[in-house]
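# Summary of structural features
The primary structure of each chain is shown beneath.
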Amino acid sequence: DKKYLQVFEEDIAEQKKELAEGYNETAVIQIVLDYLLSGREEQAWQEFDKLYTSANKDARRQELKNRWNQYSGAPAETKKAETQTAPNPGWKLP
């Protein structure tokens, strides 16, 4: 949600600090989600391409894109409530 851009920016900075200490798949995915949820989809996928180094990159990208498409296609009232309660509602990593 663009309304909470500063919150997303702070989380991105925190996740990037964590990545500076060593690769962390969860931190990369959180960065991607922060960009997606703040309305910056192109930047989200650029960061994914740059930061994600696990062997399952293509499969993970497709999974994230599928989930994002499913999430962004939700009815307007559902999307609004979810973005206000949590930056990554219901998304869990395996």
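See the structure printed just above.
Residues numbered from 1 in each chain as written. Predicted model: local features only at pLDDT ≥ 70, side-chain atom pairs only at ≥ 80, totals over all residues. Heavy atoms only, no water.

### What about helix H1 (residues 5-20)?
The end-to-end C-alpha distance of H1, which contains 16 residues, comes to 23 Å, matching closely the 22 Å that a straight helix rising 1.5 Å per residue would cover. Here H1 has its buried residues at Phe 8, Ile 12, Gln 15 and Leu 19. Projected down its long axis, H1 carries its buried residues within an arc of 70°, all on one side. Facing away from the buried surface of H1 by more than 90 degrees, the exposed residues are Gln 6, Val 7, Glu 14, Lys 17 and Ala 20. Buried residues along H1 sit against helix H2 (25-37) and helix H3 (41-51). Where H1 ends, the next residue or the one after it, Gly 22, has phi of about 150°, a positive value. (Helix = DSSP H or I, 4+ residues; strand = E, 2+ residues; numbered from the N terminus. Expected span 1.5 Å × (residues − 1). Buried < 20%, exposed > 50% of the residue type's maximum accessible area, 1.4 Å probe, protein only. Arc of directions from axis to C-beta. Contact = heavy atoms within 4.5 Å.)

Remember that the coordinates give geometry; whether it matters functionally is a separate question.
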